[in-house]
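What the coordinates show
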Amino acid sequence: MTDRKDELAKNLAKVERRIADACAAAGRARDEVTLIVVTKTYPASDVRILSELGVRHVAENRDQDAAPKAAACADLPLTWHFVGQLQTNKVRSVAGYADFVQSVDRSKLVTALSKEAVRAGRELGCLIQVALDAGESARGERGGVAPGGIEELAGLVAAAPGLRLDGLMTVAPLSGEYAGREQAAFGRLMDLSTDLRRSHPAATMVSAGMSADLEQAVAAGATHVRVGSAVLGVRPSLR
Ligand SMILES: *Cc1c(COP(=O)(O)O)cnc(C)c1O
């Protein structure tokens, strides 16, 4: 094994252990939780190694980095998740490689995603990103729609050609009433998911939890955790 492969294998094993322990502690089966490795800022060569190590879900948050990486890894059996704030002028590119867009947070984006999914002849799984730091009607600082806006957006996604409504996503808020209270934040997301599934029973995905708080997300009931630095290493500070 190369040094990098060895390092990633060790990190993956640690994360796998954490997920398994969190599932056991919550009385959940391990297969109720899917690991998505967030490969942003890391090269396609790392994605390739992760695939060799058995990773099947990867996520990216910037189209400029993700598009060439996905193209370089098109031969691998990977499911690609887009998890970043998405501008409508990037939607055509993202619809070409993403299997899931987890950051759907406004109607304009739904319209653009639908149009480009149809054009590409693809079906995109959509998660509505919920901002738990926003007021009931505002939008979150890091993207996301306030809880009060979920239902309307869900209806739009469900009715849009080329799109499939799969569930909800959130990032633990840094400000507002849930700051520092990850478990409560993820619990709130689960309640919102329960509400959503009354009208959209197939929208079962709940994407929550990152390197620092995956245990709290699993405890709350998340179906997908998005883990970056605990697998790939601490990213050099971005912007
Ligand atoms: C970067 C990122 C993650 C992973 O964060 P880590 O702390 O590196 O695990 C998860 N979700 C989103 C939306 C991200 O942008």
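Residues numbered from 1 in each chain as written. Predicted model: local features only at pLDDT ≥ 70, side-chain atom pairs only at ≥ 80, totals over all residues. Heavy atoms only, no water.

1. Quick notes on the site of the ligand
- Close to the ligand lie Val38, Lys40, Val83, Met210, Ser211, Arg226, Val227, Gly228, Ser229 and Arg235.
- In this structure, an oxygen atom belonging to the ligand sits 2.8 Å away from a main-chain N or O atom of Gly228.
- With respect to the ligand, the side chain of Arg235 contributes an N or O atom lying 2.8 Å from an oxygen atom.
- The protein chains hide 89% of the 390 Å² of surface that the ligand would expose on its own.
- Of the residues belonging to the shell around the ligand, the class tally is 4 nonpolar, 3 polar and 3 charged. (Near = heavy atom within 4 Å. Polar contact = N/O pair within 3.5 Å; in protein donor to acceptor, adjacent residues only side chain to side chain. Areas by Shrake-Rupley, 256 points an atom, 1.4 Å probe, with all protein chains shown as cover. Nonpolar A, V, L, I, M, F, W, Y, C, P; charged D, E, K, R; others polar.)

2. As for the UniProt feature "modified residue: N6-(pyridoxal phosphate)lysine" (unreviewed entry) in the protein
- The UniProt record annotates "modified residue: N6-(pyridoxal phosphate)lysine" (unreviewed entry) at Lys40.
- Position of Lys40 among the secondary structure elements: in the loop between strand 1 (34–38) and helix 2 (44–52).
- Given a relative accessible area of 17%, Lys40 falls into the buried group.
- Lys40 has contacts with Ala59, Glu60, Asn61, Lys69 and Arg235, leaving out every residue within four places of it along the chain. (UniProt positions renumbered as here; feature names shortened; annotations may be inferred. Helix = DSSP H or I, 4+ residues; strand = E, 2+ residues; numbered from the N terminus. Buried < 20%, exposed > 50% of the residue type's maximum accessible area, 1.4 Å probe, protein only. Contact = heavy atoms within 4.5 Å.)

3. A look at the pairing of strand 6 (residues 163–170)
- Taking burial as the measure, the 8 residues of strand 6 include 7 buried ones, the bulk of the element.
- As defined by bridge partners, strand 5 (residues 124–130) adjoins strand 6 across 7 bridges and the pair is classed as parallel. Residue pairing in the sheet places Leu127 in a bridge with Gly167 of strand 6.
- One crossover worth recording links strand 6 to the parallel strand 7 (residues 205–207) by way of helix 7 (residues 182–199), and it is right-handed. (Pairing = 2+ DSSP bridges. Right-handed = clockwise from strand over helix to strand, strands pointing away.)

4. As for the pattern of salt bridges
- Under the counting rule described, the total for this entry stands at 18 salt bridges.
- Put simply, Arg17 and Asp21 hold a salt bridge, and the shortest N to O gap is 3.0 Å. In this pair, Arg17 and Asp21 both sit in helix 1 (residues 3–26), 4 residues apart, roughly one turn of the helix.
- On the basis of relative accessible area, Arg17 is assigned to the exposed category, the value being 53%.
- On the basis of relative accessibility, which here comes to 40%, the residue Asp21 falls in the partly exposed class. (Salt bridge = Lys/Arg side-chain N within 4 Å of Asp/Glu carboxyl O.)

5. Structural notes on the nonpolar core
- By size, the foremost hydrophobic cluster in this structure holds 68 residues, and its most contacted members are Val101, Leu113, Leu163 and Val225.
- By size, the runner-up hydrophobic cluster in this structure holds 8 residues, among which are Val38, Val83, Met169 and Met205. (Core = buried A, V, L, I, M, F, W, Y, C linked by side-chain atoms within 4.5 Å.)

6. What about helix 3 (residues 63–72)?
- Of the residues making up helix 3, those classed as buried are Asp63, Ala66, Lys69 and Ala70. What you see down the axis of helix 3 is that its buried residues fit within an arc of 135°, all on one side. (Arc of directions from axis to C-beta.)

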